[in-house]
Amino acid sequence: MDGFVHRHTPPGTAPGVLSGRAPVVDEALDFTLVEYTAEECKILVGVEMDECRFHLGKAGRIWIDVAGRANSEMLQTLGTAFNLHPLALEDVFHAHQRSKLDIYGGQGFVVLNDPAYEEGEIRSRQVSVFFGQNYVISFHDHKLDIFKPVRDRLQATGSRLRTFGTDYLVYALIDLVVDRKFPLIESLAAHLEDLEDEALGHPTPTTLTSIHRARRALGIFHRIEWAERETILAVMRPETPFISADTRTYLRDCFDHSIAVLDLLDSYRDMTNGLAEVYLMQASNRMSEVMKTMALITVFFMPLSFLAGIYGMNFDRSVGNMPELGWPYGYAMFWGVAITIVTGLFVWLKRKRWL
Amino acid sequence: MDGFVHRHTPPGTAPGVLSGRAPVVDEALDFTLVEYTAEECKILVGVEMDECRFHLGKAGRIWIDVAGRANSEMLQTLGTAFNLHPLALEDVFHAHQRSKLDIYGGQGFVVLNDPAYEEGEIRSRQVSVFFGQNYVISFHDHKLDIFKPVRDRLQATGSRLRTFGTDYLVYALIDLVVDRKFPLIESLAAHLEDLEDEALGHPTPTTLTSIHRARRALGIFHRIEWAERETILAVMRPETPFISADTRTYLRDCFDHSIAVLDLLDSYRDMTNGLAEVYLMQASNRMSEVMKTMALITVFFMPLSFLAGIYGMNFDRSVGNMPELGWPYGYAMFWGVAITIVTGLFVWLKRKRWL
Amino acid sequence: MDGFVHRHTPPGTAPGVLSGRAPVVDEALDFTLVEYTAEECKILVGVEMDECRFHLGKAGRIWIDVAGRANSEMLQTLGTAFNLHPLALEDVFHAHQRSKLDIYGGQGFVVLNDPAYEEGEIRSRQVSVFFGQNYVISFHDHKLDIFKPVRDRLQATGSRLRTFGTDYLVYALIDLVVDRKFPLIESLAAHLEDLEDEALGHPTPTTLTSIHRARRALGIFHRIEWAERETILAVMRPETPFISADTRTYLRDCFDHSIAVLDLLDSYRDMTNGLAEVYLMQASNRMSEVMKTMALITVFFMPLSFLAGIYGMNFDRSVGNMPELGWPYGYAMFWGVAITIVTGLFVWLKRKRWL
Amino acid sequence: MDGFVHRHTPPGTAPGVLSGRAPVVDEALDFTLVEYTAEECKILVGVEMDECRFHLGKAGRIWIDVAGRANSEMLQTLGTAFNLHPLALEDVFHAHQRSKLDIYGGQGFVVLNDPAYEEGEIRSRQVSVFFGQNYVISFHDHKLDIFKPVRDRLQATGSRLRTFGTDYLVYALIDLVVDRKFPLIESLAAHLEDLEDEALGHPTPTTLTSIHRARRALGIFHRIEWAERETILAVMRPETPFISADTRTYLRDCFDHSIAVLDLLDSYRDMTNGLAEVYLMQASNRMSEVMKTMALITVFFMPLSFLAGIYGMNFDRSVGNMPELGWPYGYAMFWGVAITIVTGLFVWLKRKRWL
Amino acid sequence: MDGFVHRHTPPGTAPGVLSGRAPVVDEALDFTLVEYTAEECKILVGVEMDECRFHLGKAGRIWIDVAGRANSEMLQTLGTAFNLHPLALEDVFHAHQRSKLDIYGGQGFVVLNDPAYEEGEIRSRQVSVFFGQNYVISFHDHKLDIFKPVRDRLQATGSRLRTFGTDYLVYALIDLVVDRKFPLIESLAAHLEDLEDEALGHPTPTTLTSIHRARRALGIFHRIEWAERETILAVMRPETPFISADTRTYLRDCFDHSIAVLDLLDSYRDMTNGLAEVYLMQASNRMSEVMKTMALITVFFMPLSFLAGIYGMNFDRSVGNMPELGWPYGYAMFWGVAITIVTGLFVWLKRKRWL
């Protein structure tokens, strides 16, 4: 239930204080610095923070990508180095924030989510992007180099990323994070189709639990994407600083993708609800079949057993009781009656459509 | 589950790049060119793209219809030939887009959907329409000549299509795509009525699956039409370029039709939900009947079998046990008791309304 | 499922063309012409269309009521005679339109619905009203003289209908159509109360189907009234031409009635949902009782039958087996044990609250 | 189902006509007249209508309270005497109106609801309040003297009711009607808690019906209060005449109470839904226990009965069949086998957690 | 059902009168006075009310915290001492109010909720905050010193609490009350996880009741937080007096937290609904297994018992009946037939996937 885990500072802590229950992971952060103009693009992998700070002061466009989960001192240093608002830093620190756009004075701050689908659960992984006039600073908790495709495009001279401002870079990052949901949905879909086969074919007691888990994962995914959709809308608003009208056109495309994600999630939710019903139906059908078989056996054999029981009685034949027992063809007649009963029941049940 | 299939470029691809998973179908496209003024109308079927481009430059109104699914190079060429925005081209290329209106500079771009109902599933088929001051360029993935009725009307001198501008042609295309939903709904309805007969008459285990599939199809259909409704609203807005106030009046009529489609879909959804309940009820009724029959057999024969069992016991009559066995009319009395029990149970069950 | 039947022109037909699947009923239309001023009121029943046209040209207020379903030529003639917009005519022709207000140039056009409740189903019947400065033209598909009460009031000198303008007449017609829903709801309610008695008393397999049908009827009714409510709101808006502020006050009253209708429908929907649950509960209760009886019989007679079975065994008593069979009071003891078992079970079941 | 009963005039009746199905109750009305200024307050109980009319003309603030259900002539007379709008009078006459605010020229008209909870049902009882610059005229159908607390407060010199204008009196009446819902909810709550005990303890077949009835009552109550909430909002709006800004502050408090009522109703609705589920669960648990007991009996005794049946067979021992029957300890061995079977089943069932 | 308990004055009581059913708890109140400027901060614990009043008059910022539930006289005195609006005092007195913001003339009044989770139920505990230009007066019903963390931060020179105005203190209090929900949710979550284990492992009849209780608690919690979210939004609005733009930035952060709380509650609600379904499924699975075992026993032993019953019949072998009984290997053949039947049934059931 990772999506639910909440790390928070103790109530009453001053805002912006980076303490509390957040796990302080002491791993080195990976800094990637991209310095580019329309003419050239320099990429420095694995640089030190101080170098980043130095580049920030220079003219030209800068993009600093920070991969990994920083501890509080590191973040504090980064905050002062890059001039980030304490409230925004707190959001970077505590992770698992809802996607949103905040504007702090002369700086935009976008929180996005790049969730993972692991062991049937959606695990939220935060991506944070700060942006200003000429710089973009991105943070992501996981060490995966998710922004490589954008860096690659940046290296192509004449690409829109190079000719447009850093606002287009912000768009490219948002777009990438949104588009990364599609492969995720595909693996979810594959899992759901397996579940469908299972529910229609050989449902086991764990099938329903799996369906419930999938439903929950879809719910969490939907909430994540809904917040992202609202964030993109907010970024597209004319009053958002640094975002040009041209870039807004591209963001609208990105917004469409985010709606497509939501649409797909809605479809899969409908499907999952249907699956649960199909499963229950299947279970109930099997049960019905079992009961029907038992009922049939009972209906056929109870009267027959009673018949056999009668001729197993010990009434004194010497005083004239049970003359049937003495008839030469009594036993044959018994079988005749039994077969008649069976045939009669068979016809009757056939007519009632039980057989 | 075709409605769910999503084709997308790898995350991080530059917008407007026509690559990725979209199936590159290498079939020739069918170009149909209509050049018309209020006075005359020239229709050229099966023309080459170059000729289309040539006509675009001329005065007079032009409508180019492109049928079939283009590969990326073709689209690229078309894009530069007809001056289409790369983001719009991407939408044409990837198909299965949500219905929408986009305005790119001096060009309107409408995405519509002309879904098919095949094997119990709604298969989305995109229709894209570009429009400007004097031209309309329409794309549809399927090779069906769906726009023939509009072409026919264009040939009638004095028809509104001829006397009004190309915005009226845009309306006519949208209207046609919307109205094509009615026959679709009718076949859906016919299918649902069959299902209803099945559920009320002779439900089989597949009935529920069919109902679920129908429900899903209605859901997808509803989402498609809802987006289309919003698109028409957007086209009707006064700020949409090229659309005159006269045409807006007609679009409102088209909007009414789209609401009628949604209304019908709502009704069928209600009906389908009801169907599922009726089916479950029917199944449970059958089960109840089976159980009741078993219960009746048990209630009647268990006491009788016990009675027969008693007189099958071998207690030593010589020491005075079981004197009934020696009575002259013991056997007759046994039957008397049995018949009394049966009658008593019968009356009792009759009173309890079991019989 | 009349409410679902949709009659439409083939997709791609020019708007305003009166063709397609609409049943062309060839019955004579009934024209009723009312010409009135504050001082006098002249009512002409069964006039010809030409006469109507003639009166339209004159000064004074005119109300033409057309009863019955016209074929396309008739409507075309009417359209040109009375100067009605082709799109509005199309709506009159195809019937079963959603309630709405359209303004075509110098003419208002209101679509209302006067549904019938027949055989458990809501059958939509369209009422269309055109209005201008000094005239009202109403159409209704059914030949019932539904507007008689208004005509009667028109004849009373000094009545508000006479002293106010034709906008008040429009209000009066809308008000009448809305108020005609109350008796309809009452017959629906009577039907629902019968169903409630049935569900609580002696539910049959058809009860649920009836409940479902009622639910569907309520759903269709609700959709109809909801559209009507919106229409009245639209008519009340200050920008609607020809409607004076005084009449708006009365329309608000009419709007309240329409909300009252919706409120009642909501209540009945809740009730119907409750009914379905009560029905299912009742069915399940009956089933439970059946199973319980069977269980009781099994619990009592299975042990007894086993007991009797034991003493029906043929072990060789001569070698000392089954001495009980030879005891003088063996049989009496058998009965003692049987009665003890029965009593014990009885007490046990009593304590478990089964009996 | 009193909440559903609708009394209405026949469709097509002129608005403001006080006829139709409304029950014409011929009971004398109780008039209570309060004439007050900041300095003094005169209360006249049981006055005649003419006297009321006389006082209306005078300077000073007047509050006339009319208790009981008037017949149409009385209302007509009252209407002309007090100068009330015919549409408002119609609403007073027909009762069971939705709560609302209407402004007729120089007069405000508020409809409220003071429902009663009788025999598990919510019975709507209308309270109507007319207000102008210096007067308030209130009507309530029931003869209960519900406004006594306000009259008492009016008699206290210096109370806000005396120093403020009649708009504060209007507030006081609305507030009282809203607050009268709290004791009502409490009796509903007491009833629901009884039902909860019943559902968890000893559910009877009527429990579910009671739960359904409670749910319906809550639904009707919610609709009533929702309309009242909207009415208070409307009265609070700055454009409502006669209501001063000071009184608006108090109305906001009253609005909060009305939201509190809705909140409580929501909570009780959730609870009632939970109750129904608990009830069904309880029923299903009982059924399960019954079936389990039957299954246990069957599992234990069927094999035993078969065993006894074997040794009841009459194979001819003289030809060597069934030697067990002749063994000296054959009978003891039979019991040994029987006990082994029972023990084995017991252990097996214990392991499967059935016992 | 504490969340439902409503304490209210009798209907018709003048607003602001502190009487009625509210329990008058006669415990001493704890006053804590904080007087601070940017330079210094003086905290006085356990002061008298008079001293508080004295300090209110002085320059500098004042925060008075009142812990415990006051009786009506005390509140009245406090009201006049601190100049609080009677309607606000009424809200403080009656507790269990919905969270809200009211502005009374020159004073803001915020109602918050600091609920407790006790014995599976959410118990609402009101926190009220009055604020003006230079003072904050807070009330909380419980004697817990919940505001200690804020007091501690106030003592740190240079902290934002000291340098900013009292509006920042208001924010700090709201933030603390919101953040106190996180530990609450965690204990709820722990409880839900226990329930999940129970439902999946060893469900008892009380499990469902617990699930229902948890669902209800989540519902009440959600309503509380929703109101709080709206309150924070209201405080953030520019027209709210005394709140500076800087503080609004911090309030937005607090607003985010409140949305996070709602998000978590939504997730847990989904999970709880899933739990109930899993529980029911588990119960039904167990039942199915029981029925299946009974069915199997019946299917195997009924035919066998019938077979044994046949050879227990006493037909007279001397006239040629039942020759099988006399065959030398008759008994062995009986067993052969029995074993064949068992094997056949076994294979059949294996193929039907029952075994």
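Residues numbered from 1 in each chain as written. Chains lettered and ligands numbered in written order. Predicted model: local features only at pLDDT ≥ 70, side-chain atom pairs only at ≥ 80, totals over all residues. Heavy atoms only, no water.

- As named in an unreviewed UniProt entry, chain A is Magnesium transport protein CorA, taken from Enhydrobacter aerosaccus.
- Under Catalytic activity (unreviewed entry), UniProt gives the following word-for-word description of chain A: "Mg(2+)(in) = Mg(2+)(out)".
- In its Sequence similarities (unreviewed entry) section, UniProt records this for chain A: "Belongs to the CorA metal ion transporter (MIT) (TC 1.A.35) family." (UniProt positions renumbered as here; feature names shortened; annotations may be inferred.)

Overview of the overall build of chain A
Piece 1. The secondary structure content of chain A amounts to 10 helices and 9 strands.
Piece 2. Relative to a compact globule of 355 residues, whose C-alpha radius of gyration would be 20 Å, chain A shows 35 Å and is clearly more extended.
Piece 3. Its C-alpha atoms put chain A at 125 × 45 × 35 Å along the principal axes.
Piece 4. The 355 residues of chain A split such that 57% are buried.
Piece 5. Approximately 13600 Å² of chain A is accessible, and the part contributed by carbon and sulfur atoms is 56%.
Piece 6. Looking at chain A, you have 35 positive and 45 negative side-chain charges, and the mean spots of the two groups are 6 Å apart. (Helix = DSSP H or I, 4+ residues; strand = E, 2+ residues; numbered from the N terminus. Rg over C-alpha atoms; globule rule 2.2 N^0.38 Å. Buried < 20%, exposed > 50% of the residue type's maximum accessible area, 1.4 Å probe, protein only. Areas by Shrake-Rupley, 256 points an atom, 1.4 Å probe, with all protein chains shown as cover. Lys, Arg positive; Asp, Glu negative; His and termini not counted. Charge placed at Lys NZ, Arg CZ, Asp CG, Glu CD.)

Considerations on helix α1 (residues 49-57) of chain C
All names here are of chain C.
Piece 1. If you check which residues of α1 are buried, you get M49, C52 and H55. Down the axis, α1 shows its buried residues gathered within 120° of arc, on one side only. Turned more than 90 degrees from where α1 packs its buried face, D50, F54 and G57 sit exposed.
Piece 2. As for α1, its buried residues are in contact with β1 (30-36), β2 (41-47), β3 (61-67) and α2 (72-82). (Arc of directions from axis to C-beta. Contact = heavy atoms within 4.5 Å.)

Looking at the arrangement of the chains
Piece 1. There is a clear gap between chain A and chain D: no contact, and 9 Å between their nearest C-alpha atoms.
Piece 2. Spatially, chain B and chain D are disjoint, and the shortest separation between their C-alpha atoms is 9 Å.

Digging into unusual backbone geometry
Residues and elements named next belong to chain C.
Piece 1. Although it is not a glycine, F242 adopts a positive phi angle of roughly 75°.
Piece 2. By the element assignment, F242 lies in the loop between α8 (205-236) and α9 (245-310).
Piece 3. Classification of F242 as partly exposed rests on a relative accessible area of 27%.

So, the pairing of β3 of chain C
Residue and element names in this part refer to chain C.
Piece 1. Buried residues dominate β3, accounting for 7 of its 7 residues.
Piece 2. Burial along β3 is two-sided: R61, W63, D65 and A67 facing one way and I62, I64 and V66 facing the other are all buried.
Piece 3. Both β1 and β3 contribute to a ladder of 7 bridges, which runs antiparallel. Within β3, the residue paired with F31 across the bridge is V66.
Piece 4. Both β3 and strand β9 (residues 135-140) contribute to a ladder of 6 bridges, which runs parallel. Considered in β9, the bridge of D65 is made with S138. (Pairing = 2+ DSSP bridges.)

Here's the deal with the pairing of strand β2 (residues 41-47) of chain D
Piece 1. Pairing of strand β1 (residues 30-36) of chain D with β2 of chain D involves 6 bridges; the strand directions are antiparallel. By the bridge assignment, L33 of chain D is partnered in β2 of chain D with L44 of chain D.

Brief notes about the side chain of D253 of chain A
Piece 1. Looking at where D253 of chain A falls in the secondary structure, it is placed in helix α9 (residues 245-310).
Piece 2. If sequence neighbours within four positions are ignored, D253 of chain A has contacts with Y171 of chain A together with L87, E90 and D91 of chain B.

Quick look at helix α7 (residues 181-200) of chain A
Residues and elements named next belong to chain A.
Piece 1. A rise of 1.5 Å per residue sets the reference length of α7, with its 20 residues, at 28 Å; its end C-alpha atoms lie 28 Å apart and thus fit the reference within 8%.
Piece 2. By the burial criterion, the buried members of α7 are K181, F182, L184, I185, L188, A189, L192, L195, E196 and A199. What you see down the axis of α7 is that its buried residues fit within an arc of 140°, all on one side. (Expected span 1.5 Å × (residues − 1).)

Notes on the interface of chain B and chain C
Piece 1. Residue-level contacts link 60 residues of chain B with 59 residues of chain C.
Piece 2. Here chain B meets chain C over a buried area of about 5200 Å², counting both sides, of which 63% is carbon and sulfur.
Piece 3. Our count for the contact surface shared by chain B and chain C stands at 7 salt bridges.
Piece 4. A salt bridge links D256 of chain B to K100 of chain C, with the nearest nitrogen and oxygen atoms 2.4 Å apart.
Piece 5. Inspection of the chain B/chain C interface yields 15 residue pairs in polar contact (both at pLDDT 80 or more).
Piece 6. For the side of chain B that touches chain C, the secondary structure elements donating two or more residues are α4 (148-155), α6 (166-179), α7 (181-200) and α9 (245-310) of chain B.
Piece 7. For the side of chain B that touches chain C, the element with the highest residue contribution is α9 of chain B, accounting for 31 residues.
Piece 8. Taken together, the residues of the side of chain B that touches chain C break down into 29 nonpolar, 11 polar and 20 charged. (Buried area = accessible area lost by both parts, 1.4 Å probe. Salt bridge = Lys/Arg side-chain N within 4 Å of Asp/Glu carboxyl O. Polar contact = N/O pair within 3.5 Å; in protein donor to acceptor, adjacent residues only side chain to side chain. Nonpolar A, V, L, I, M, F, W, Y, C, P; charged D, E, K, R; others polar.)

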